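Topology and contacts: notes
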Amino acid sequence: MTVDSVSFRKALGSFASGVTVVTALDDTGQPVGLTVSAFCSVSLDPPMILICLDKRVSNRETFRRGPFAVNVLSHRQQAVSNRFAEKRDDRFAGIAHTPGRNGAPVLDGCLAVIECTPEHIADGGDHDIIVATVTRVDRTEDGAPLIYYRGGYAALG
């Protein structure tokens, strides 16, 4: 049986996911980032996460090499998610951020930031599966997550 891509995408859209922006510094020291919803924990001991990146992503090698930061967006950051999902060179223009301990940009106002070093990269069809060791975390108790569900943003409750 063959599964068509439209039906598959719609089925996956039934799974609500949090929204992150993954950030790093490219070879010239410039900040790069993109919106990523394919993110999850892998291990608590040692602490590890994974992200999945489309193989057509610009700066793909930057994220494969690392280090990078996973910025977990709050419900107030829909515009940030949209900005980093667009194909544009100036994604960081007007976006407040500071360097994390690993050098990767940390976006202001996020619910959590998870700094990482890539450990393993696996082939996932049209995506790279990047498994990374967590080197630092920071979080806040304030706010609700930005959620993506059935092709749009959703709220808890």
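Predicted model, so just to flag it, every value in this text is computed and none were measured. (Residues numbered from 1 in each chain as written. Predicted model: local features only at pLDDT ≥ 70, side-chain atom pairs only at ≥ 80, totals over all residues. Heavy atoms only, no water.)

Turning our attention to the environment of Phe15. Here Phe15 is to be found in the loop between helix H1 (5–12) and strand S1 (17–18). Residues Phe15 and Arg150 lie 135 residues apart in sequence; the distance between their C-alpha atoms is 7.8 Å. Contact partners of Phe15, with chain neighbours within four places excluded, come to Tyr148 and Tyr149. (Helix = DSSP H or I, 4+ residues; strand = E, 2+ residues; numbered from the N terminus. Contact = heavy atoms within 4.5 Å.)

On to the packing of aromatic side chains, then. The final tally for this structure, using the stated rule, is two aromatic pairs. Both rings, one in Phe84 and one in Phe92, keep their centres 5.0 Å apart while their planes meet at 85 degrees; by these two values the pair is edge-to-face. Neither residue differs from the other here; Phe84 and Phe92 are each classed as buried. Ring centres of Tyr148 and Tyr153 lie 5.5 Å apart, and the angle between their planes is 80 degrees; on these two criteria the pair is classed as edge-to-face. (Phe/Tyr/Trp six-rings, centres within 6.5 Å; stacked < 30°, edge-to-face > 60°. Buried < 20%, exposed > 50% of the residue type's maximum accessible area, 1.4 Å probe, protein only.)

Let us look at H1. Burial runs low along H1: only zero of the eight residues are buried. Where H1 begins, the side chain of Asp4 points an oxygen toward the backbone nitrogen of Val6, at a separation of 3.3 Å. (Polar contact = N/O pair within 3.5 Å; in protein donor to acceptor, adjacent residues only side chain to side chain.)

Let us now look at the sheet that holds strand S11 (residues 147–149). Spatial ordering of the open sheet is given by S1-S11-S12, a layout of three strands whose pairing is antiparallel. With one partner strand each, in any of the chains shown, S1 and strand S12 (152–154) form the two edges of the open sheet. Two elements, S11 and S12, share three bridges in a ladder whose sense is antiparallel. Bridge assignment links Ile147 to a residue of S12, and that residue is Ala154. (Pairing = 2+ DSSP bridges.)

Looking now at the nonpolar core. Generally speaking, a soluble globular protein has its nonpolar side chains buried in company with each other. One finds Ile49, Ile51, Phe63, Phe68, Val70 and Cys116 to be the most contacted residues of the largest nonpolar core, which totals 19 residues. Of all the secondary structure elements, the ones that give two or more residues to this core are strand S2 (20–25), strand S3 (31–36), strand S5 (47–54), strand S6 (68–72), strand S9 (112–124) and strand S10 (127–139). Those residues in contact with Cys116 that sit more than four places away from it in its chain are Ile49, Pro67, Phe68, Val70, Asn102, Ala132, Thr133, Val134 and Thr135. (Core = buried A, V, L, I, M, F, W, Y, C linked by side-chain atoms within 4.5 Å.)

A few words now on the side chain of Asp26. One can find Asp26 in the loop between S2 and S3. Within the buried set, Asp26 has no salt-bridge partner at all; the shortest N-O distance to an opposite charge, 6.9 Å, is to Arg65. Contact partners of Asp26, with chain neighbours within four places excluded, come to Val32, Asn59, Thr62 and Arg65. (Lys, Arg positive; Asp, Glu negative; His and termini not counted. Salt bridge = Lys/Arg side-chain N within 4 Å of Asp/Glu carboxyl O.)

Our next topic: a nonpolar patch on the surface. Where nonpolar side chains cluster on the molecular surface, the patch consists of Val3, Phe8 and Leu12 and spans about 300 Å² of accessible area. With respect to the element layout, Leu12 can be found in helix H1. For Leu12, a relative accessible area of 49% corresponds to the partly exposed category. (Patch = residues over 30% accessible without salt bridge, like charges linked within 9 Å, V, L, I, M, F, W, Y side chains within 5 Å. Areas by Shrake-Rupley, 256 points an atom, 1.4 Å probe, with all protein chains shown as cover.)

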